[in-house]
Amino acid sequence: MTKAVRDASLGGLAGAVLGVLAGRATVVAPPAVPDACPDVEVARRDLEEALERSRQEVLDLRERLVVHVGIAPDWPEDIDPRWEEGPIRKTVERALADGQELLALDCGTYPCVAVVRLPSHDDLDPLLQRIRDAGYEQAEVPVWSALGWFEAAILFAPEQLSRSAWQSATNRADALFTPHDRRSNAPPTAPP
């Protein structure tokens, strides 16, 4: 109800009360309320148009993101459960030595990506060997970063990734790093 309609209704009610009190029973009907307020309809139409523009913008941004990040592969349906988050987390945590830390483990998209912080680059090969000895022979380090500390991303994929999946996984790894300069290894198993 708009303020004008409400005020008119209250005015009509006040007139009726005063008329009854004065001995005159005069009731003034409130003005008719339109079926639809033009301002509301215009606002609704504007919002629907803005929603459609926003949906299109999301689609455009998704396309740009795929070009930048690559297409993440679907999780294989028949993947061995050891390649899922729980077992990988336990393996990485057991493989870490003093002064080493698991910063992130992202298994929301295939393959799982772990980011670890190590005291130095010299600690990477022994850590990776302990992970491989625990049954993750295919684990590899596509990117690492160093600036006062050393961080490495470890990919956990039971089979070689396509170029697009590789790009997607390494870009996800970059997003997990503590913000600072990043350096990349030339991955020995990167797809052609």
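Only a predicted model underlies this, so the values are computations on that prediction, with no experimental measurement involved. (Residues numbered from 1 in each chain as written. Predicted model: local features only at pLDDT ≥ 70, side-chain atom pairs only at ≥ 80, totals over all residues. Heavy atoms only, no water.)

(A) Layout of the pattern of salt bridges. Summed over all chains, the structure comprises four salt bridges. A salt bridge links E151 to R117; the shortest N-O distance between them is 2.9 Å. Here E151 is found in strand β4 (residues 150-156), whereas its partner R117 is found in strand β2 (residues 112-118), with 34 residues between them in sequence. With relative accessibility at 23%, the residue R117 sits in the partly exposed group. (Salt bridge = Lys/Arg side-chain N within 4 Å of Asp/Glu carboxyl O. Helix = DSSP H or I, 4+ residues; strand = E, 2+ residues; numbered from the N terminus. Buried < 20%, exposed > 50% of the residue type's maximum accessible area, 1.4 Å probe, protein only.)

(B) Region of the structure containing the nonpolar core. Membership of the largest hydrophobic core comes to 39 residues, with the highest contact counts inside it found for V92, V116, L127, I131, I154, F156 and L161. Among the elements of the structure, α3 (85-95), β1 (101-106), β2, α4 (124-133), β3 (140-146), β4 and α5 (163-176) are those that each provide at least two residues to this core. (Core = buried A, V, L, I, M, F, W, Y, C linked by side-chain atoms within 4.5 Å.)

(C) Here's a closer look at the pairing of β1. Bridge analysis of β1 against β2 gives five bridges, and the strand direction is antiparallel. Note on β2: the bridge partner recorded for A104 is V115. (Pairing = 2+ DSSP bridges.)

(D) Just α5, in detail. Relative to the 20 Å expected for 14 residues at 1.5 Å per residue, α5 spans 20 Å between its end C-alpha atoms, a close match to the ideal helical length. If you check which residues of α5 are buried, you get A165, W166, S168, A169, T170, R172 and A173. (Expected span 1.5 Å × (residues − 1).)

(E) Here's a closer look at the pairing of β2. The buried count for β2 comes to six of seven residues, which makes it a mostly enclosed element. Taken together, β1 and the strand that follows it, β2, pair antiparallel across an intervening segment of five residues. Here β2 runs beside β4; their pairing, made up of seven bridges, is antiparallel. Across the sheet, the residue bridging to A114 is I154, located in β4.

(F) Inspection of the environment of D125 at higher detail. Mapped onto the elements of the fold, D125 is located in helix α4. What makes D125 exposed here is its relative accessible area of 56%.

(G) Up close: the packing of α3 against α4. Orientation of α3 relative to α4, taken along the N-to-C sense of each, is 135 degrees, at an axis distance of 9 Å. Of the possible angle classes, the one that applies to α3 and α4 is oblique. Regarding α3 and α4, the two cross each other, and that crossing is right-handed. Within the contact between the two elements, α3 uses T91, V92 and A95 and α4 uses L127, R130 and I131. Among the residues forming the contact of α3 with α4, the class breakdown is four nonpolar, one polar and one charged. (Axes fitted to C-alpha atoms, helices over the stretch in contact; angles between N-to-C directions. Parallel < 35°, antiparallel > 145°, perpendicular 65-115°, else oblique. Left-handed = near helix turned anticlockwise from the far one by under 90°. Contact = heavy atoms within 4.5 Å. Nonpolar A, V, L, I, M, F, W, Y, C, P; charged D, E, K, R; others polar.)

(H) Seen up close, α4. Taken residue by residue, α4 has L124, L127, L128 and I131 as its buried positions. Around the axis of α4, the buried residues are gathered within 95 degrees of arc, so they sit on the same side. Across α4 from its buried face, at more than 90 degrees, point the exposed residues D125 and D133. Following α4 by one or two positions, G135 has its phi on the positive side, about 110 degrees. (Arc of directions from axis to C-beta.)

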